[in-house]
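As a plain string of letters, each chain reads:
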Amino acid sequence: MEKTAANIEASMRAVSEHIAAELRAIDRDVFDFDKNPFSFLGKAARARFTLLAAAALGAGGPKAEKAAAAAELTHTASLLHDDCLDMARYRRGLPTLYDQIGINSAILVGDLLISMAFECAGRAAPDLPESLVQAVRRMTEGALIEENSKGKKISAAEAEKMVALKTGALFRWCALAACRLANRPELLPDCARLGEEAGSAFQIVDDVLDFEGDAEACGKETLKDVKEGKYTLPLILALNDPQAGPEADRLLAAIKTGPEADLAPALDLAELVRKGGFSGAARKIAAEKLKNLFPVIDKFPDPEGAAALKDFLLALGERRA
Ligand code: FPP
Ligand code: MG
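Here the structure is a predicted model, which means the values were calculated and not measured.

Asks: Help me understand the overall build of the chain in this model?
Replies: Broken down by element type, the chain carries 16 helices and two strands. Relative to the compact-globule value of 20 Å for 321 residues, the chain shows a C-alpha radius of gyration of 20 Å, a close match. For the chain, the C-alpha atoms occupy an extent of roughly 55 × 50 × 30 Å along the three principal directions. Contacts spanning at least 24 positions in sequence make up 72% of the contacts within the chain whose residues lie at least 6 apart. Taken as a whole, the chain presents about 14,300 Å² of accessible surface, with 54% of it coming from carbon and sulfur. The averaged location of the 49 negative side-chain charges in the chain is 2 Å from the averaged location of its 41 positive side-chain charges.

Asks: For this particular structure, what's the right way to read the packing of aromatic side chains?
Replies: The description of an aromatic ring pair uses the distance of the two centres, along with the angle that the planes make with each other. Across all of its chains, the model carries six aromatic pairs by this definition. With centroids separated by 6.1 Å and ring planes inclined at 40°, the aromatic side chains of Phe-31 and Phe-38 adopt a geometry described as tilted. Between Phe-49 and Phe-312, the aromatic rings sit 6.4 Å apart at their centres with planes inclined by 20°, giving stacked as the arrangement. Here Phe-49 is found in helix H2 (residues 45–57), whereas its partner Phe-312 is found in helix H16 (residues 303–318), with 263 residues between them in sequence. The class for Phe-49 is buried, based on a relative accessible area of 0%. Taken together, the ring pairs connect Phe-31, Phe-33, Phe-38 and Phe-40 into an aromatic cluster. Sitting over the face of the ring of Phe-202, Arg-319 holds its NZ or CZ atom 3.9 Å from the ring centroid.

Asks: Would you explain the side chain of Ser-11 in this entry?
Replies: Within the secondary structure layout, Ser-11 lies in helix H1 (residues 2–24). Sequence-distant contacts of Ser-11, that is, excluding residues within four places in its chain, are made with Leu-51 and Glu-65.

Asks: How do you make sense of the environment of Gly-42 when you look at a structure like this?
Replies: Tracing the sequence through the fold places Gly-42 in the loop between H1 and H2. Along the chain, Gly-42 and Met-116 lie 74 residues apart, while their C-alpha atoms are 18 Å from each other.

Asks: What exactly am I supposed to notice about the site of ligand 1 here?
Replies: Near ligand 1 there are 17 residues, and of these Asp-82, Arg-91, Lys-166, Lys-220 and Lys-224 occur at the shortest range. For ligand 1, an oxygen atom lies 2.5 Å from a polar atom in the side chain of Arg-91. Here an oxygen atom of ligand 1 sits 2.8 Å away from a polar atom, N or O, in the side chain of Lys-224. Protein coverage of the free-state accessible area of ligand 1, which is 630 Å², stands at 93%. Listed by contribution, the elements that provide at least two residues to the shell around ligand 1 are helix H3 (61–86), helix H6 (128–149), helix H7 (156–181) and helix H8 (188–212).

Quick notes on the rules
Residues numbered from 1 in each chain as written. Chains lettered and ligands numbered in written order. Predicted model: local features only at pLDDT ≥ 70, side-chain atom pairs only at ≥ 80, totals over all residues. Heavy atoms only, no water. Helix = DSSP H or I, 4+ residues; strand = E, 2+ residues; numbered from the N terminus. Rg over C-alpha atoms; globule rule 2.2 N^0.38 Å. Contact = heavy atoms within 4.5 Å. Areas by Shrake-Rupley, 256 points an atom, 1.4 Å probe, with all protein chains shown as cover. Lys, Arg positive; Asp, Glu negative; His and termini not counted. Charge placed at Lys NZ, Arg CZ, Asp CG, Glu CD. Phe/Tyr/Trp six-rings, centres within 6.5 Å; stacked < 30°, edge-to-face > 60°. Buried < 20%, exposed > 50% of the residue type's maximum accessible area, 1.4 Å probe, protein only. Lys NZ or Arg CZ within 6 Å of the ring centre and 35° of its normal. Near = heavy atom within 4 Å. Polar contact = N/O pair within 3.5 Å; in protein donor to acceptor, adjacent residues only side chain to side chain.

Here it is, written out as structure tokens:
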């Protein structure tokens, strides 16, 4: 395990350096990264997942690092756009690009990053950009469904579909890319499931953190989803509960109709979701999803890599930031 961990850390440094070099290579007239810095790695869950999946499948080295960098560039591009949609001021502990340079330029820098991601994926393997296009399409579909559902009470099944698209799709690509690099075509369907389910679980925990996380630790505002009328799994579970449902409904109505500066109903709703055990129940669903992936990982050829991948998935389910 130690050897795998050391290799992954060395590869993570290579990924970070690779992306930093790409960003600094942008013509300063186009975008000056030193003047308007933003964090381009965050938790780096997608890069780590790509590298760990590759290691478990028996691949690694510079190609896996390029695929990992492509995944993070895609993710950061989507966050630059997402911050414009959310009008978010704070991300990964820093002012967002939306806050620094405005909506138009932030969208365009996102577009720039996504084109860099395709280039990077192509350098890992010539067939990877095509599947990345499909992943971006699915992410965008998920983001659009979320946008169209704002203020609407959706079911747990609809929420599940949304997270599988907006977040599951990119993790799915990471696992598929690792599988292609390892040249194990017979494992592609398993890898697709592994990635999509791992990404969905990651997003469910993200949604839980919006209710239970602390803004400092998360590096972004919390209680954003309820203020924006987004129905995520912990809230849906509270609404579906015969006891808590009516009070959750009342608080949602108060958030919707009350003055924006009045945080009391959002804080009360968060307390209801936490103390009623609904954030815990959502975490349990995420943890189950992750545990159910272990038999898939057991099929992978490298036992050390497989064990490290399992540890990573368990940590995803338990994360507090
Ligand atoms: C963050 O989730 C956002 C996503 C996971 C995906 C957003 C996707 C798009 C904007 C479309 C794809 C665009 C490109 C360029 C690839 P969240 O909103 O739940 O998290 P947050 O609390 O951090 O805002
Ligand atoms: Mg968002």
